[in-house]
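Report on the structure
For reference, the chains in residue letters:
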Amino acid sequence: MVDHKNVALLGTGIMGAAMARNLLRTGHGLRVWNRTRAKAEPLAADGAQVFDTAAEAVTGADVVITMLFDGPATLETMRDAAPGFGRGAVWLQSTTVGVDDVPRLAAFGAEHGLVFVDGPVLGTKAPAEAGKLTTLAAGPQEAREALASVFDAIGARTVWAGDDGASAAATRLKLVCNNWTLALTHGAVESVALAKGLGVDPTAFLDTIKGGLMDCGYVHLKSEMIMNGDFTPSFALTNAAKDARLIVAAADAAGVRMDVTEAGIERFRRAEADGHGDEDMAAAYFASFDD
Ligand code: NAP
């Protein structure tokens, strides 16, 4: 039986807005808040209640979802929301945060009587809009039951990584997967830049690898953004740079060298400095050229 929980969603950016629409489409009661209210307002037409403060948005919610920029933004927002928390509400923390952020967030949840679930997602804007994310989760059994209808609404598949949200088991898995995403992105955009430099048609590059072991959806997605000159963000470059830094910090703590990811951070830094931070991470392409 589908349980239509009264859900609060804090953060209606690219991912949060898409998740919100799928929660509403599947009959969930949804209360939303976003720092920039104008970005949350269009969700009212889909049936969401839009609030001025995070505390008002979480009032009466059985499930609170956070989908914000990073760990500090999430903690700050949850501190503001605290006056509205109901005891025993489940907190699905879906922002991509650092391994070190998770125990801090879990401790905050415990102090406020929330059932904490470390719950990052895999998949970008299009799968989020289609309700086809892969949701990763670590949290207690009681949360699994409470979140079943939410995960059905936003995702195609849920991977449970453990029973203890504070262990960051889901975030660790997320960072490993994101490292692969970033490697694919840098590989794709640098190859298109190299094609340009060598006078090779990028379409010939894509056609040549098509259907073979070197092929994958990401290389087409990101290369075509460059070829079409359309860098509308699915995953903003600034966000990708943040994730790369989280990956390297986690790797450092584990004694793992991340030469490729560190080089990728430098490419993101140059692209951000040239004003491409709000564009899709495919705009790392521009870091290939000196002017
Ligand atoms: P986004 O469109 O840039 O949205 C970021 C959200 O965070 C906005 O609601 C923004 O509010 C809010 N925010 C930023 N700083 C804040 C602060 N200090 N206090 C309160 N709110 C703050 O990003 P997104 O693509 O939806 O990504 C959200 C999270 O999901 C990130 O952690 C990202 O790494 C992760 N993620 C993204 C993707 C993807 O492909 N896009 C995929 C998986 C996971 P304003 O509107 O006021 O700026």
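So, how was this worked out
- Residues numbered from 1 in each chain as written.
- Predicted model: local features only at pLDDT ≥ 70, side-chain atom pairs only at ≥ 80, totals over all residues.
- Heavy atoms only, no water.
- Domains from an automatic or database assignment.
- Buried area = accessible area lost by both parts, 1.4 Å probe.
- Salt bridge = Lys/Arg side-chain N within 4 Å of Asp/Glu carboxyl O.
- Polar contact = N/O pair within 3.5 Å; in protein donor to acceptor, adjacent residues only side chain to side chain.
- Nonpolar A, V, L, I, M, F, W, Y, C, P; charged D, E, K, R; others polar.
- Helix = DSSP H or I, 4+ residues; strand = E, 2+ residues; numbered from the N terminus.
- Buried < 20%, exposed > 50% of the residue type's maximum accessible area, 1.4 Å probe, protein only.
- Contact = heavy atoms within 4.5 Å.
- Phe/Tyr/Trp six-rings, centres within 6.5 Å; stacked < 30°, edge-to-face > 60°.
- Lys NZ or Arg CZ within 6 Å of the ring centre and 35° of its normal.
- Axes fitted to C-alpha atoms, helices over the stretch in contact; angles between N-to-C directions.
- Parallel < 35°, antiparallel > 145°, perpendicular 65-115°, else oblique.
- Left-handed = near helix turned anticlockwise from the far one by under 90°.
- Pairing = 2+ DSSP bridges.

For the rest of this paragraph, the subject is the domain arrangement of the protein. The domains assigned to the protein are domain 1 (6-167) and domain 2 (172-288). One C-alpha centre belongs to domain 1, the other to domain 2; they are set 27 Å apart. Buried area between domain 1 and domain 2, summed over both chains or domains, comes out near 1400 Å², and the portion from carbon and sulfur atoms is 68%. The largest share of the area that domain 1 buries against domain 2 comes from F69, T96 and V99, three residues that together contribute 37% of it. One can count zero salt bridges joining domain 1 with domain 2. Along the contact surface separating domain 1 from domain 2 lie five residue pairs in polar contact (both at pLDDT 80 or more). Residue composition of the side of domain 1 that touches domain 2, grouped by class: nine nonpolar, four polar and three charged.

Turning our attention to the environment of R31. Tracing the sequence through the fold places R31 in strand β2 (residues 29-33). Given a relative accessible area of 12%, R31 falls into the buried group. A sequence separation of 19 residues divides R31 from V50, and the C-alpha atoms of the two residues are 6.0 Å apart. When residues no more than four places from it in sequence are discounted, the contact partners of R31 are N6, V7, A8, L9, Q49, F51, E56, A57 and T59. A polar contact of 2.9 Å, which involves the side chain of R31, links it to the backbone oxygen of A57.

With that settled, consider the packing of aromatic side chains. Enumeration according to the criterion identifies seven aromatic pairs in this entry. Aromatic side chains W91 and F108 sit 6.3 Å apart centroid to centroid with 80° between the ring planes, which places their arrangement in the edge-to-face category. A residue pair is termed long-range when its members are at least 10 positions apart, and W91 in strand β5 (residues 90-93) and F108 in helix α5 (residues 101-111) qualify at 17 residues. Taken as a pair, W91 and F108 share a single burial class, namely buried. Members of the aromatic cluster, connected to one another through ring pairs, are F85, W91, F108 and F116. The ring of F289 has K196 sitting right over it, with the charged end atom 5.1 Å from the ring centre. The ring of F69 has K242 lying over it, and the distance from NZ or CZ to the ring centre is 5.5 Å.

Time to look at the packing of helix α11 (residues 237-254) against helix α12 (residues 259-273). Axis separation between α11 and α12 bottoms out at 9 Å; the angle between their running directions is 150°. Relative to α12, α11 is oriented roughly antiparallel. Crossing of α11 over α12 shows left-handed handedness. Between α11, through L237, T238, A240, A241, A244, R245, I247 and V248, and α12, the contact on the second element is made entirely by T261, E262, I265, F268, A271 and E272. Tallied by class, residues from the contact of α11 with α12 come to nine nonpolar, two polar and three charged.

Right, let's talk about the pattern of salt bridges for a bit. Taken as a whole, this structure holds 11 salt bridges when the rule is applied. Residue D46 pairs with R21 through a salt bridge whose shortest N-O separation is 3.1 Å. Residue D46 is found in the loop between α2 (37-40) and β3 (49-50), and its partner R21 is found in helix α1 (residues 14-25); the two are separated by 25 residues along the sequence. For R21, a relative accessible area of 36% puts it in the partly exposed group. The salt bridge involving R269 is made with E266; its shortest N-O contact spans 2.8 Å. Placement of the pair is R269 and E266 together in helix α12, with a separation of three residues, close to one helical turn. When salt bridges that share partners are traced, they join R37, E41 and D52 into one network.

Counting through the fold element by element, T134 comes out in strand β8 (residues 133-138). On the accessibility criterion, T134 (19% relative accessible area) is buried. What T134 contacts, discounting residues up to four positions off in sequence, is P120, V121, L122, R157 and V159.

Once that is clear, we can look at the pairing of β8. Judged by how many residues are buried, β8 sits mostly within the fold: six of six residues are covered. Residues of β8 alternate between two faces, with L133, T135 and A137 on one and T134, L136 and A138 on the opposite face, all of them buried. As defined by bridge partners, strand β7 (residues 121-122) adjoins β8 across two bridges and the pair is classed as antiparallel. Across the sheet, residue L122 finds its bridge partner in β8, namely T134. Pairing of β8 with strand β9 (residues 155-162) involves six bridges; the strand directions are parallel. Looking at the pairing, A137 lines up with W160 of β9.

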